[in-house]
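# Structure assessment
The lines below spell out each chain.
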Amino acid sequence: MKFIAIAILLLSTSVSVFAEQAVETGKVSWLLVHNGPENISTSKRALINLAGDMSGGFCTDKNWAIVLDNEAANAQYSLVLAAYMSGKSIKITGNSTAICSGGQDVVRNVEFVE
């Protein structure tokens, strides 16, 4: 009986963590490329706000951050910039665990939506 109770507790904990993953769909309403004076990788990032309502999330700020430290992040930024310039909507998904940069959820996926 104890084993079943522990299994249920662990399962409910993992489901609730996954449920907190941030997701938002909308047009880009604000875009900032930040290059902080600190010489660390997280000081170079793009900050994004969508004209939508973010659901879930682990961080204090309701903006998004792309840490510009690899090719995938640069591709994500390019897609966000293209959406902003064309007025198209995108969907941004955060991570299933708490990964924040400057108080914003770090972007995991960016996709065009209709």
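Anyway, here's the lowdown on the structure attached to this text. (Residues numbered from 1 in each chain as written. Predicted model: local features only at pLDDT ≥ 70, side-chain atom pairs only at ≥ 80, totals over all residues. Heavy atoms only, no water.)

Each helix and strand in the protein chain was counted, giving two helices and six strands. Each helix and strand of the protein chain, ordered N terminal to C terminal, gives the series α-β-β-β-α-β-β-β. Out of the 114 residues in the protein chain, the part that is buried amounts to 31%. Counting contacts in the protein chain only where the partners sit at least 6 residues apart, residues at least 24 apart contribute 60% of the total. Carbon and sulfur atoms provide 60% of the accessible area of the protein chain, an area that totals close to 7000 Å². (Helix = DSSP H or I, 4+ residues; strand = E, 2+ residues; numbered from the N terminus. Buried < 20%, exposed > 50% of the residue type's maximum accessible area, 1.4 Å probe, protein only. Contact = heavy atoms within 4.5 Å. Areas by Shrake-Rupley, 256 points an atom, 1.4 Å probe, with all protein chains shown as cover.)

Below, the discussion takes up the state of the cysteines. Following the criterion strictly, the structure yields one disulfide and no others. Across a sulfur-sulfur distance of 1.9 Å, Cys 59 and Cys 100 are joined as a disulfide pair. Disulfide Cys 59 to Cys 100: torsion about the S-S bond roughly -95°, handedness left-handed. A residue pair is termed long-range when its members are at least 10 positions apart, and Cys 59 in the loop between strand S2 (44–50) and strand S3 (64–67) and Cys 100 in strand S5 (residues 100–101) qualify at 41 residues. Cys 59 sits in the buried class, given a relative accessible area of 8%. (Disulfide = S-S within 2.5 Å.)

Another aspect to go through is the pairing of strand S1 (residues 23–35). Each regular strand shows side chains that alternate between the opposite faces of the sheet. Here S1 pairs with strand S4 (residues 89–94) via five bridges, running antiparallel. Residue Thr 25 lies in a different strand from S4, and its bridge partner there is Lys 91. (Pairing = 2+ DSSP bridges.)

The buried count for S2 comes to five of seven residues, which makes it a mostly enclosed element. In this sheet, S2 lies alongside S1 in antiparallel orientation, the contact comprising seven bridges. Bridge pairing links Trp 30 to Asn 49 in S2.

With that out of the way, let us pick up helix H2 (residues 71–86). In this model H2 runs 22 Å from its N-terminal to its C-terminal C-alpha over 16 residues, within 8% of the 22 Å that 1.5 Å per residue would give. Listed in full, the buried residues belonging to H2 are Ala 73, Gln 76, Val 80 and Ala 83. Summarising the axial view, the buried residues of H2 lie within an arc of 85°, below the 170-degree limit, and thus occupy one face. The outward face of H2, more than 90 degrees from its buried face, is lined by the exposed residues Glu 71 and Met 85. Check the buried side of H2 and you find it contacts S1, S2, S3, S4 and strand S6 (104–112). Two or three places before Ala 72, at the opening of H2, Asn 70 has a side-chain oxygen 3.0 Å from that residue's backbone nitrogen. Count one or two residues on from H2 and you reach Gly 87, which has phi positive near 75°. (Expected span 1.5 Å × (residues − 1). Arc of directions from axis to C-beta. Polar contact = N/O pair within 3.5 Å; in protein donor to acceptor, adjacent residues only side chain to side chain.)

With that settled, consider the nonpolar core. Among the nonpolar cores identified, the biggest contains 15 residues, and Val 28, Ile 48, Trp 64, Ile 66, Val 80, Ile 90 and Ile 92 are the most heavily contacted of them. Where this core is concerned, the elements lending two or more residues are S2, S3, H2, S4 and S6. In contact with Ile 90, not counting residues within four places along its chain, are Glu 24, Thr 25, Gly 26, Val 28, Leu 50, Leu 79, Val 80, Ala 83, Val 110, Glu 111, Phe 112 and Val 113. (Core = buried A, V, L, I, M, F, W, Y, C linked by side-chain atoms within 4.5 Å.)

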